[in-house]
Number of protein chains: 2
Amino acid sequence: MTTPVSHSARSEGTGLEERTINLLVEREMRRWVGDGENLMGVACLDALFPSGKLLRPRLCVWSAAAAGATVDEVLAFAAALECMHVATLMHDDVVDQAPVRRGRASSAEHFGISVALMAGDGLASTAYLAMLGGTETGLPADLVVRATRVVADAVRHTVAAIAEETLLREDLSCALPAVLEIVRGKTAALTSAACQAGAILADAPAAHEAAMRTYGEELGMAFQIRDDLLPFTTATPGTTNSGAFSDVANRQPTVPVLLARDAADPGDLEMLQRLFCEEMDAATAHGRLTEVLTRSGALDRATELARAHATKAYEALAPLAPSAARDRLAELTTTVVDRAW
Amino acid sequence: MTTPVSHSARSEGTGLEERTINLLVEREMRRWVGDGENLMGVACLDALFPSGKLLRPRLCVWSAAAAGATVDEVLAFAAALECMHVATLMHDDVVDQAPVRRGRASSAEHFGISVALMAGDGLASTAYLAMLGGTETGLPADLVVRATRVVADAVRHTVAAIAEETLLREDLSCALPAVLEIVRGKTAALTSAACQAGAILADAPAAHEAAMRTYGEELGMAFQIRDDLLPFTTATPGTTNSGAFSDVANRQPTVPVLLARDAADPGDLEMLQRLFCEEMDAATAHGRLTEVLTRSGALDRATELARAHATKAYEALAPLAPSAARDRLAELTTTVVDRAW
């Protein structure tokens, strides 16, 4: 972690520390998902725990807290966002035939496609139950409806992007904006919804809500572009979220790959094309791709692009009054690019 | 159709005729799903149209109307129920590897698993947007939240049952109650939710809501038991909803098959066991299964079981005041068993 100590200290005792929120969110997820009463429930628990970064729940909590809500008020909604995110990952791993997720066998690999599919559906249903359960803890029903609609709309964008992405597979000639739109749908839609929903549940003014929406979208763009870079910049790619070589194995044109295509010399361009059409050992392909991405300057350029989105996210926070929650959101705009997680 | 003319005449001019509601629901589904702006949207439209029986939307509309609501008030919610139902069918066809749905290629077969999966997810998201959109047409937000939670809970039961069903595949020794529980989850949960949600949206008294919930559940049981019988009782099984031979091909123990197992003579029992473990041409297997089911009396017994559930559904209507909508719900308890659709 590169978070400066001074920042972490600043939110001490506010109940907004990352570690505190993560623990609360985990407990809340267990409350809604249950203890594995049937095959679907077992598969849901297996996909949720040990949990991932829990970025979306924290975005929701901090966005709500920055508008004056308490953690308790939005905790069920925040937990629901992680359930929804994991539900889409479970289905995405079926689409990508990804054997690995978070360093271990994906649900599709471990339980088979049928159970992974149904468990993803069940987890999404649970997410809606948790979101709509907010009325039980005293949230006004009209705010709950508005926030839940924002999330449902985001999920529609997410799955549409995953479907579109399958059309681009093996297509090294596709346009960078098309891939950026897929990043926007696959990742930024839900991070944006997490922030906007937090603002809505806190009954924030329209300007605050719009700011949080923009913040979440730009942060999501930065996050995903950085995520696509991680397998090429960390010493042990196997420890990153997705399977280390999955994008290469799927011949999925990512932002760094397209930036390399546009900057590579003829020799490297030929290598890229070979990587996208020839059968090759995954580790070898990954090694060669890393070389091309580094030599062409694509890794640096993609990092710059991620940083530009993170800067926009930071700027979107301008209308917000100072608070510990705002500080955490501001911090994220740095760590999201510099992270190795 | 065996609906007596006198009954149909009774709802003429009330706006509650099956054909009128179906047309309104179809228009409303198009409004929410859009005109196929991307691959996911195209796959959703393809799965929705030409539409099926639209049973769940009508259940919702009639249940709401029986408590004094207008068709317009619940139309978006009713359309959402069909979207949700079709979304689960799209995923169920991936699980069952079913090549045929409603007499033509299933989404999984036509678009491939990845797109069918994402389109199902997108259609479910659209369903939530439509359900929660009820506040736009003046429905109180707290009623919309309650009704939507009922549906989300039902979907969780539906997909849990589909997952459990995969465990029973090829298991001719499984208990009848276990299979009936799967029928309850796969079909009765959503028909029950459709009726209960209609009552909630009409702000019906608790007794009316409970009655509609029971009615929908019992009707769903009758409907599904009858559905599992259809391939063996209609002259042209290829025209029924599912692939004609899908249960045989998947070696799925259905209610009629288990009733045959418990009543068959030793020769027929051996035949059943062979059908469940030997490779056999689907049409041949279907023909032999039909013989065993008929000879053992299982078809008659399953029909009786369906009729018993339909009778319970009819009895559940007792607390309702007389109305054209109540008449339609009562009619369904007859047609659901006698139908060839």
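Because the structure is predicted, anything quoted here is derived from the model rather than measured. Every residue gets a number counted from 1 within its own chain, in the order that chain's sequence is written. Starting at A for chains and at 1 for ligands, labels are handed out in the order in which the entities are written. Under the rules for a predicted model, residues below a pLDDT of 70 receive no local features and side-chain atom pairs below 80 are neither given nor counted, while totals for whole chains, interfaces and linings still include all residues.

Let us now look at the overall build of chain A. Assigned secondary structure in chain A consists of 16 helices and two strands. We compute the radius of gyration from the C-alpha atoms alone; for a globule the expected value is 2.2 Å times N to the 0.38, where N is the number of residues. Rg of the C-alpha trace for chain A: 20 Å, near the compact-globule value of 20 Å for 341 residues, within the 12% margin. For chain A, the C-alpha atoms occupy an extent of roughly 60 × 45 × 30 Å along the three principal directions. Put simply, chain A has 341 residues, and 55% of those count as buried. Once C-beta atoms are placed from the backbone, any two residues with those atoms within 7 Å are in contact. Considering only residue pairs separated by 6 or more positions, chain A has 77% of its internal contacts joining residues 24 or more positions apart. Numbering of helices and strands starts at the N terminus; helices are DSSP runs of H or I of at least 4 residues and strands are runs of E of at least 2. Three exposure classes are used, all based on how many other C-beta atoms lie within 10 Å of a residue's own C-beta (placed from the backbone): buried at 20 or more, exposed at 12 or fewer, and partly exposed between those limits.

Turning next to the interface of chain A and chain B. Taken together, the contact pairs 37 residues of chain A with 37 residues of chain B. Contributions of two or more residues to the side of chain A that touches chain B are made by α3 (39–48), α5 (71–95), α7 (113–132) and α8 (141–168) of chain A. Of all the elements, α8 of chain A adds the most residues to the side of chain A that touches chain B, at 17 residues. All amino acids are sorted into three groups, where Ala, Val, Leu, Ile, Met, Phe, Trp, Tyr, Cys and Pro are nonpolar, Asp, Glu, Lys and Arg are charged, and the leftover types, Gly among them, are polar. When its residues are assigned to classes, the side of chain A that touches chain B shows 22 nonpolar, nine polar and six charged.

Attention now goes to the packing of α5 of chain A against α8 of chain A. Residue and element names in this part refer to chain A. Think of each axis as a best-fit line through the C-alpha atoms, taken over the contacting stretch in the case of a helix, with angles from 0 to 180 degrees between the N-to-C directions. Running from amino to carboxyl end, α5 crosses α8 at an angle of 15 degrees, the nearest separation of the two axes being 11 Å. Put simply, α5 runs roughly parallel to α8. Between α5 and α8 lies a crossing whose hand is right-handed. For the pair formed by α5 and α8, the contact residues are F77, M84, T88, D92 and V95 on the first element and A147, V151, V155, T158, V159, I162 and T166 on the second. For classification purposes, angles smaller than 35 degrees are called roughly parallel, those larger than 145 roughly antiparallel, those between 65 and 115 roughly perpendicular, and all remaining angles oblique. Left-handed is the label given to a crossing in which the near helix is rotated counterclockwise from the far helix by less than a right angle, and right-handed is the label when the rotation is clockwise.

Our focus in this paragraph is unusual backbone geometry. Most peptide bonds are trans, and most residues other than glycine sit at a negative phi. The omega torsion across F49 of chain A and P50 of chain A is -5 degrees, close enough to zero to call that bond cis. Structurally, P50 of chain A is set in the loop between α3 and α4 (55–65). With phi around 50 degrees, Q97 of chain B is a residue other than glycine that occupies positive phi space. Topologically, Q97 of chain B is positioned in the loop between α5 (71–95) and β1 (100–101).

Residue and element names in this part refer to chain A. For a helix, the expected span equals 1.5 Å multiplied by the number of residues minus one. The end-to-end C-alpha separation of helix α15 (residues 298–316) is 27 Å, in line with the 27 Å expected for 19 residues at 1.5 Å each. The complete set of buried residues in α15 reads A298, A302, L305, A306, H309, A310, A313 and A316. Buried positions in α15, seen along its axis, are confined to an arc of 135 degrees and lie on one side of it. Residues of α15 that are buried make contact with α10 (206–233), α12 (255–263), α14 (282–295) and α16 (324–338). Summarising the geometry, the arc corresponds to the directions from the helix axis toward the C-beta atoms.

For the rest of this paragraph, the subject is the nonpolar core. To define a nonpolar core, we join buried Ala, Val, Leu, Ile, Met, Phe, Trp, Tyr and Cys residues through C-beta atoms within 7 Å and take the resulting set. Counting 233 residues, the largest nonpolar core has F77 of chain A together with F77 of chain B as the members making the most contacts within it. The residues contacting F77 of chain A, other than those within four sequence positions of it, are C60, A130, M131, G134, A147, A197 and L201 of chain A.

Mapping between the two chain copies consists of a rotation about an axis together with a translation along that axis. A least-squares superposition brings the copies together, and it is based on the C-alpha atoms of residues with pLDDT no lower than 70 in both. Each copy of the sequence occupies a distinct position, and chain A is placed on chain B by a rotation of 180 degrees and an axial shift of 0.0 Å, giving an RMSD of 0.0 Å. Such a combination of rotation and displacement between the chain copies is what one expects of a two-fold axis. Considering only C-alpha atoms, the residue of chain A closest to the rotation axis is A141 of chain A, which sits at 2.7 Å. The residues that chain A uses at the interface reappear at the interface of chain B in 100% of cases, marking a shared surface.

Along an α-helix, a turn takes 3.6 residues, which lines up residues three or four apart on a common side. Residues and elements named next belong to chain A. An ideal rise of 1.5 Å per residue puts 40 Å on 28 residues; α10 measures up with 40 Å between its terminal C-alpha atoms. One axis is fitted to the seven residues ending at the residue and one to the seven starting there. The bend at that residue is the angle between these axes. Of all the bends in α10, the largest measures some 30 degrees and sits at D227, one to four residues before the proline P231. Of all the 28 residues making up α10, 22 are buried; the element is thus mostly covered by neighbouring parts of the structure.

All names here are of chain A. Along the chain, the position of A79 falls in helix α5. Each C-alpha atom of the pair A79 and R56 lies 8.7 Å from the other, and the pair is 23 residues apart in sequence. The residues touching A79, leaving out its near neighbours within four places in the chain, are V25, E28, M29, W32, P57 and A130.

Before going further, it helps to examine the confidence of the model for chain A. Atomic detail in the predicted coordinates should be set aside for any region of low pLDDT. Residue and element names in this part refer to chain A. Confidence scores labelled pLDDT are given residue by residue by the predictor and lie between 0 and 100. Per-residue confidence for chain A averages 91 on the pLDDT scale, and 91% of its residues sit at or above 70. Taking the mean pLDDT of every element in chain A, the minimum, 43, falls on helix α1 (residues 5–10) and the maximum, 98, on α4. Overall, residues 1–11 carries pLDDT values under 50, and its contacts beyond four positions in sequence, including any with other chains, amount to 14 contacts. Predicted confidence for residues 237–242 stays below pLDDT 50, and this span has 13 contacts to residues more than four positions away or in other chains. Overall fold confidence (pTM) sits at 0.93, and the ipTM for the predicted complex is 0.93.

Structurally, H91 of chain B can be placed in helix α5. When the C-alpha positions of H91 of chain B and L117 of chain B are compared, they lie 6.1 Å apart, and in sequence the two are 26 residues distant.

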